[in-house]
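Structural overview for review
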Amino acid sequence: MSYEFFLAFRYLRSRHKRRLARVTAVAAMLGITMGVAALIVTFALSNGFRDEMREKILQGTAHLSVLRTDGLPITDYTNVSARLQQIDGVESASATTYDGGLARGSKGSAYAVIRGIEGQAGQTAQARKWIVEGSFDPLFDRSPLSEGRTPPAVIGSELASRIGISVGDVFQIIPANEATSETMRRLRVAGIFRSGLFEYDSTWIYVDFNLASTFAGGDHSASVMSIQVHDADRVKDVAARVQSAMGQEYTTVDWQQANQPLFSALALERRMGLFIIGLIIAVAALNITTMLILVVVERRRDIAVLSTLGATRMGVMMLFVIEGAVVGAIGAVAGIIVGLAACFVGNYFHLVSLPADVYSISNVPLNATLSETLIAALVAFVLSVLATIYPARAAARLRPVEALRDG
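What you are looking at is a predicted structure, and each value in this text was computed from that prediction instead of being measured.

What about helix α8 (residues 235–246)?
In this model α8 runs 16 Å from its N-terminal to its C-terminal C-alpha over 12 residues, within 8% of the 16 Å that 1.5 Å per residue would give. Among all positions in α8, only V235, V238, A239, V242 and M246 are buried. Taken end-on, α8 shows its buried residues confined to a sector of 105°, consistent with a single buried face. Where α8 is buried, its residues touch β1 (64–68), α3 (77–85), β2 (90–104), β9 (224–229), β10 (250–254) and α9 (255–258). Where α8 terminates, the next one or two residues include G247, which has phi positive at roughly 80°.

Details of the packing of helix α12 (residues 313–348) against helix α14 (residues 370–386)
The contact between α12 and α14 brings their axes to 8 Å, and the two run at 155°. Here α12 is positioned roughly antiparallel relative to α14, judged by the angle of their axes. Read as a crossing pair, α12 and α14 show a hand that is right-handed. Between α12 and α14, the contacting residues are V321, G324, A325, G328, A329, A332, I336 and L340 on the first element and T373, A377, F381, S384 and V385 on the second. Here the contact of α12 with α14 is composed, by residue class, of nine nonpolar, four polar and no charged.

Here we look at the packing of aromatic side chains
Counted by the stated rule, this structure contains 10 aromatic pairs. Geometrically, the ring pair formed by Y77 and F209 is edge-to-face, given 4.9 Å between the ring centres and 70° between the ring planes. With Y77 in helix α3 and F209 in helix α7 (residues 209–215), this pair connects stretches of sequence that are 132 residues apart. Here Y77 matches F209 in class, with each residue buried. Ring geometry for W255 against F263: centres 6.0 Å apart, planes inclined by 80°, an arrangement best described as edge-to-face. The pair formed by W255 and F263 is uniform in burial state, with each residue classed as buried. Ring-pair connections join several aromatic residues into one group, and the members of that group are W130, F136, F193, Y200, W204 and Y206.

Basis of the calculations
- Residues numbered from 1 in each chain as written.
- Predicted model: local features only at pLDDT ≥ 70, side-chain atom pairs only at ≥ 80, totals over all residues.
- Heavy atoms only, no water.
- Helix = DSSP H or I, 4+ residues; strand = E, 2+ residues; numbered from the N terminus.
- Expected span 1.5 Å × (residues − 1).
- Buried < 20%, exposed > 50% of the residue type's maximum accessible area, 1.4 Å probe, protein only.
- Arc of directions from axis to C-beta.
- Contact = heavy atoms within 4.5 Å.
- Axes fitted to C-alpha atoms, helices over the stretch in contact; angles between N-to-C directions.
- Parallel < 35°, antiparallel > 145°, perpendicular 65-115°, else oblique.
- Left-handed = near helix turned anticlockwise from the far one by under 90°.
- Nonpolar A, V, L, I, M, F, W, Y, C, P; charged D, E, K, R; others polar.
- Phe/Tyr/Trp six-rings, centres within 6.5 Å; stacked < 30°, edge-to-face > 60°.

Structure below.
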C-alpha cells in the first residue's frame, strides 16, 4: 500500500483528530448519503408515476386510432378492419364509438362517456381484467333483446358510486345528441370495472357497438378504428405502414401523440426535480471541502515532515484527494442502501398515495433501476472528488519551513 493510501485511512481513523474536523467529516458523509438516497427516490418516483400512467393509458385506449380525414364516420368499418389486420405489426383492429351523455341513478346525475366496442379480444381483453363486479359477457350476447329487456352496460366504479348504482341495477342515460328527457335510454349494470385511472373510472360506460350506434342515430357507423399493435413502443412504425396502406382518406393518431402534453409535463417535472436534488448533493459535497481544510490546518506539521522526507506535491495532493474520495464513496454506498430501502418500504406499505381526482391515479410505485441508482452514486462520488481539489492543492503548496516554524 502506498503511503498516500496509508496516511489517508490513518487520518480518517485518527482518534486525535479535532472534534470539529470529525463532526464535519460525519456531516459530509451524512449529507452525501441523504443526497444520494433522495436522488434514487426521486428517480424511482418519477419512473413509477410515468410507468403507471403509461400502463393505464395503454390498457384503456387504442395504441393507434384511425379516423377519416374529413371527420365523417366510418360506414364500411368491416372492410376497413379487415384491411388493417393485414398490415404488419397490427394485432387487432375493431370499430369504436365515443359519445357523451348524462347518466342518472338513485343518487343523482353525472357526465359520462359512452364507449361502444365490438367483442374482439384485442379490444376487450385488458378491460376484462379491470372487472371487479359482474362480467363483460352480457354485452356481447347476440341473442335478440326480448321486449322489455334492458340492454347491459359495464360502468366505471367511481361513476357507479357517484350516481348510486350497482350490478343488476337499472339506470338512465341521455346521449348528448339526444339531450331531451323523451330520449332517455335505460341500461342495466352488467359489470363494474376499476382501471385505477380516475378519468376512466369516473366517466366511462362500455356498451355493445351496435347499441352505441343506435344512440348515434342508428346508422351503424364507427367514429374511429381502434388498433392494438404487437409492440406499443414501435407504434410509429406501424402508423407509417397504416398511413401508406390506407391512403390520404384516413389519418392516424397514436397513443404517444394523444398523450404528448402529459408526458412532456412529466419529463419537465423529472428534470427539475433531479436538478434540485443535484444541488443538494453539491452542497453536501462542499462539506468535504470544509472537512479537508480543517484537516490541512490540523496536519500542517505532518505535511511539512512529509515534504522534508521527499514526498512530492502530487503525493501530498493525492493524500487529501483519497481522504475526500473515501468519505464520498462511503456516503454514496450508504445512500444506495438507504434509497433502495426507502423504495422497498414505500412500495410495501403504499406510502405514496395521491388524490385520484387530481392526479388520475391513486397510488404511485417507486420503480428504482440499476442504471439510475449507479448514476446517482457516481454523481455524488465525482462531486466529492472535485470538492477535494482546493484543499488538496492548498496542502501541496505549504512550505515546510514555514509550517515547522509556525507549528
